[in-house]
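One-letter residues, chain by chain:
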Amino acid sequence: MSKNKIYDILIIILLDIGLSCLPFGLIPISLSWIYIFQIIAQFLTFFLIKLVLKKSQLICEKKECNSKLIPLFIPIFLVCFSNFFCLFDSANSLCLDINFESILRIVLSICVAFNEEVIFRTLLLNNMNKESPSLFRIVLSSAIFAACHLTHFFSSFNPGDLIVVAYTFGIGIILGMIYLYTGSFIWAFIFHALYNVANSVLTSEWIAGRSSFYLVNIIVTVVAAVYLTLIYFFKLKSEKEA
């Protein structure tokens, strides 16, 4: 990747981080208004990305979709619902309280997923040196994706927030493989949005402090890693990128 492209990517990433971390919580307004302002910030991020792209050398072309590989990734979508597996070890059923605030959180999480797929898959991964091995580009882009989520840790300095960075790296690997081999932005976005909504918005409060959380997610992570390794070596490695 040329220096100009690196600078352009860096500007876009800093714009995304900066607008995502605006301290709306310091304003004496209701939580609903905070979510509304955060959603507006996501739309503003996308608008600014388009402005940067007009003057940048970044490639933002539509990839040809390799639909025959899409079924290989369908089983991995179970990762999006890993928190729900904790229901089997819970005496209390999950009660989904859908109200206006939760709807705003869902909209916000979908907007975040869309912008992050544009930035880290369509722009970052797509503009990396094509001569480098596919797996290397996926891992490197996932590491950058995870590092950008260090803002969770720096906002509270809670060591538990470092877990966010770890699982974000793993999610980045999945999203990178989906995007690079199927050529489908839509499928990567659907996975990302489902994960944000199901494992964050709908279950984050219910799952907090449950002893089964770590065990279930470790098991899901191992199973997903084994499955991705198998399909990579037995199918994807011999396939051309979309």
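*Asks:* Help me understand the packing of helix 4 (residues 100-124) against helix 5 (residues 134-147), please; the structure alone is not making it clear to me.
*Replies:* How two helices sit against one another is set out by the angle between their axes and by the gap between those axes. Here helix 4 crosses helix 5 at 150 degrees, and the two axes come no closer than 10 Å. On the basis of the axis angle, helix 4 is roughly antiparallel to helix 5. Once helix 4 is placed against helix 5, the crossing between them reads as right-handed. Contacts between helix 4 and helix 5 involve Glu116, Phe120, Arg121 and Leu124 from the former and Ser141, Ile144 and Phe145 from the latter. Classifying every residue of the contact of helix 4 with helix 5 by side-chain character gives 4 nonpolar, 1 polar and 2 charged.

*Asks:* I would appreciate a short explanation of a nonpolar patch on the surface in the present structure.
*Replies:* A contiguous nonpolar patch, built from Ile163, Tyr167, Tyr214, Ile218, Val222, Val226, Leu230, Phe233 and Phe234 and spanning about 930 Å² of accessible area, is present on the exposed surface. If you list the elements that add at least two residues to the nonpolar patch, you get helix 7 (162-182) and helix 10 (212-234). In terms of residue count, the dominant contributor to the nonpolar patch is helix 10 (7 residues). Examined against the element boundaries, valine 226 turns out to sit in helix 10. The class for valine 226 is partly exposed, based on a relative accessible area of 46%.

What counts, and where the lines are drawn
- Residues numbered from 1 in each chain as written.
- Predicted model: local features only at pLDDT ≥ 70, side-chain atom pairs only at ≥ 80, totals over all residues.
- Heavy atoms only, no water.
- Axes fitted to C-alpha atoms, helices over the stretch in contact; angles between N-to-C directions.
- Helix = DSSP H or I, 4+ residues; strand = E, 2+ residues; numbered from the N terminus.
- Parallel < 35°, antiparallel > 145°, perpendicular 65-115°, else oblique.
- Left-handed = near helix turned anticlockwise from the far one by under 90°.
- Contact = heavy atoms within 4.5 Å.
- Nonpolar A, V, L, I, M, F, W, Y, C, P; charged D, E, K, R; others polar.
- Patch = residues over 30% accessible without salt bridge, like charges linked within 9 Å, V, L, I, M, F, W, Y side chains within 5 Å.
- Areas by Shrake-Rupley, 256 points an atom, 1.4 Å probe, with all protein chains shown as cover.
- Salt bridge = Lys/Arg side-chain N within 4 Å of Asp/Glu carboxyl O.
- Buried < 20%, exposed > 50% of the residue type's maximum accessible area, 1.4 Å probe, protein only.

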